[in-house]
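So you can see what is in the structure, the chains are spelled out below.
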Amino acid sequence: MTTTLAGCLGGGGDDGLTIGHLAPTDNPLGIGSTRTAEMAVEELNEDGGFNGEEAELITRDTRTDPAEAQNVTEELIQQENVNLLIGTFNSETTQSILDLTAEFDVPFMITGSAAPSLITDSVGSDYEEYKNIFRVGPINSDFQAESIADYCTYLNDRHDWSRVAFLRDQAEWTTPFGDQIPDLLSERGLDLVYEDALSIEGTDFSPVMSDINDSDADFVLRFFAHIDGGDMLTRWHEGQYEFGIEGVHVSGMLPSYNEAYSGAATYETTSQSGAAGVAPITERTESFVSDYASRYQDEAEPPIRAPMYMGFNTYDGISVFKEVVDGIGTTNTRDNLDDFVDEMLGVDFTGVAGQVSFYGEDADYPHDVQEERGDDGTVTNYPVTQWVSETELECVYPEQHRTAEHQMPPWMQ
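Residues numbered from 1 in each chain as written. Predicted model: local features only at pLDDT ≥ 70, side-chain atom pairs only at ≥ 80, totals over all residues. Heavy atoms only, no water.

J.: Even after reading the chapter, I still don't get the pairing of strand S3 (residues 84–87), so can you show me in this structure?
T.: It is a general feature of regular strands that their side chains alternate between the two faces of the sheet. Bridge analysis of strand S1 (residues 17–23) against S3 gives four bridges, and the strand direction is parallel. Across the sheet, residue Leu22 finds its bridge partner in S3, namely Gly87. Judged from the three bridges that link them, S3 and strand S4 (residues 108–110) form a sheet pairing that is parallel. Paired with Leu85 across the strands is Phe108, a residue of S4. (Pairing = 2+ DSSP bridges. Helix = DSSP H or I, 4+ residues; strand = E, 2+ residues; numbered from the N terminus.)

J.: Any chance you could explain helix H1 (residues 28–46) here in plain terms?
T.: Because each turn of an α-helix spans 3.6 residues, side chains separated by three or four positions in sequence point in the same direction. When the terminal C-alpha atoms of H1 are compared, their 27 Å separation across 19 residues agrees well with the 27 Å that a helix rising 1.5 Å per residue should span. Judged by how many residues are buried, H1 sits mostly within the fold: 14 of 19 residues are covered. The N-capping residue of H1, defined by a side-chain oxygen 2.7 Å from the backbone nitrogen of Leu29, is Asn27. Just downstream of H1 lies Gly48, where phi reads positive at about 100°. (Expected span 1.5 Å × (residues − 1). Buried < 20%, exposed > 50% of the residue type's maximum accessible area, 1.4 Å probe, protein only. Polar contact = N/O pair within 3.5 Å; in protein donor to acceptor, adjacent residues only side chain to side chain.)

J.: Would you explain the packing of helix H11 (residues 285–296) against helix H12 (residues 309–328) in this entry?
T.: Working note: a packed helix pair is described by the angle between its axes plus the distance between those axes. Taken N-terminus to C-terminus, the directions of H11 and H12 make an angle of 110°; their axes are 12 Å apart at the nearest point. The orientation of H11 relative to H12 falls into the category roughly perpendicular. Facing Thr285, Phe288 and Val289 of H11, the residues of H12 in contact are Gly311, Phe312 and Tyr315. In terms of residue class, the contact of H11 with H12 is made up of four nonpolar, two polar and no charged. (Axes fitted to C-alpha atoms, helices over the stretch in contact; angles between N-to-C directions. Parallel < 35°, antiparallel > 145°, perpendicular 65-115°, else oblique. Contact = heavy atoms within 4.5 Å. Nonpolar A, V, L, I, M, F, W, Y, C, P; charged D, E, K, R; others polar.)

J.: What is the right way to read the pattern of salt bridges from this model?
T.: In a structure, side chains of opposite charge can pair up when their charged atoms sit close to one another. Applying the stated criterion across every chain, the model contains 16 salt bridges. Put simply, Glu187 and Arg188 hold a salt bridge, and the shortest N to O gap is 3.7 Å. With relative accessibility at 60%, the residue Glu187 sits in the exposed group. In this structure Arg188 comes out as partly exposed when scored by relative accessible area, which is 23%. (Salt bridge = Lys/Arg side-chain N within 4 Å of Asp/Glu carboxyl O.)

J.: What's the story with the environment of Asn71 in this structure? I'm lost.
T.: Inspection of the secondary structure puts Asn71 in helix H2 (residues 66–78). Separated by 26 residues in sequence, Asn71 and Ile97 have C-alpha atoms that sit 9.3 Å apart.

J.: When you look at the sheet that holds strand S8 (residues 219–224) in this model, what are you seeing that I'm missing?
T.: Adjacent strands of a sheet form backbone hydrogen bonds with each other and so pair up, either parallel or antiparallel. Spatially, four strands are ordered S7-S6-S8-S9 in an open sheet, and the strand pairing comes out parallel. If you trace the sheet from one side to the other, it starts and ends with strand S7 (191–198) and strand S9 (244–249), each paired once. Between one strand and the next, the sheet's axes are offset by a mean angle of 15°, whatever the strand orientation. Two elements, strand S6 (residues 163–169) and S7, share seven bridges in a ladder whose sense is parallel. For Asp169, the partnering residue across the bridge sits in S7 and is Leu198. Helix H8 (residues 205–215) rests against S6, S7 and S8 of the sheet, and its axis sits at about 170° to S7. This element, helix H9 (residues 230–239), spans S6, S8 and S9 of the sheet and lies at about 165° to S9.

Note that every value here comes from positions in space, so none of it alone points to a role or purpose.
What follows is the structure, encoded as structure tokens:
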């Protein structure tokens, strides 16, 4: 797939400015990221361009396949001479192209992958070699684990839920959850009564649901990005199991997801960048979602309401890129990488998903997006949404973004 948006206002590099976008373009998450990349480039081109130059956007399909990601990334770098690479979803695919982007000094903004190792094993281990790499969002899995553990405290305060069953994908991005969640829950006075890591190749939820039920858990804390939890949710509703389903479920972020499963996702929650646009995370969030819906409403049934989380981060990343090249006075980023990096480290940008700023060279997560914290020290830029009807979402956490209190399934009341 190729999207080309180009023109010339003058003031750019000799070969023109080209942005390469990487995503699984047959996946709803990748579709949303592609659309928001198009939105950002068109809007910014119309608003004076990038240091006075219009950008060409080229999207390539990674298919969540590391080998394919390497092929299309090499093409974008060697043949298209991109000045920025942005995107990528699953952490394994992202990991496969880090060396390639570093070899050619191409700025790379990660907008869909959350594994901390993407930063700690690259920029954190050899700064000079990998200084081209930044992560725009979501916050990494270490901070996600902390944020979700604090959310569990909210559930305990609201519903007296203290017994937790813990499920996760067997994948790179969930490794920090497996390492940290047990201790984080214990520190908060919560009991871990069941734990399992599920194969992303296919899961029979019947024995899983039975085991969780036997554990007498108050709720399931699950982290699914590769697994579609639709079968689990259907069994949950039909069997009226006496536990809530909480945590992260990437498939459940699809705006039409609950309709597709005839309401089976009602009362489940998921954390997601931008809170799916149902809360004014910043002053820019609601207008962004409205513009997105207006632009793409005729392209899908049921109507488009918002992109999934990666789309929020991709839109913010391209907006940050404009601010940075305007600041350094050139779009020739590959020949001016040090200037680009210095300018990136000074960014404090109000995006549609939240405030965007990056950790410096000496931090634990250099060039990673910084978490935001409230007055009580809890992480606030990983909001939790809940399906409250077949078509309606609310933001239930944290307090400053809350549009409704968390609802317990009626059969549990």
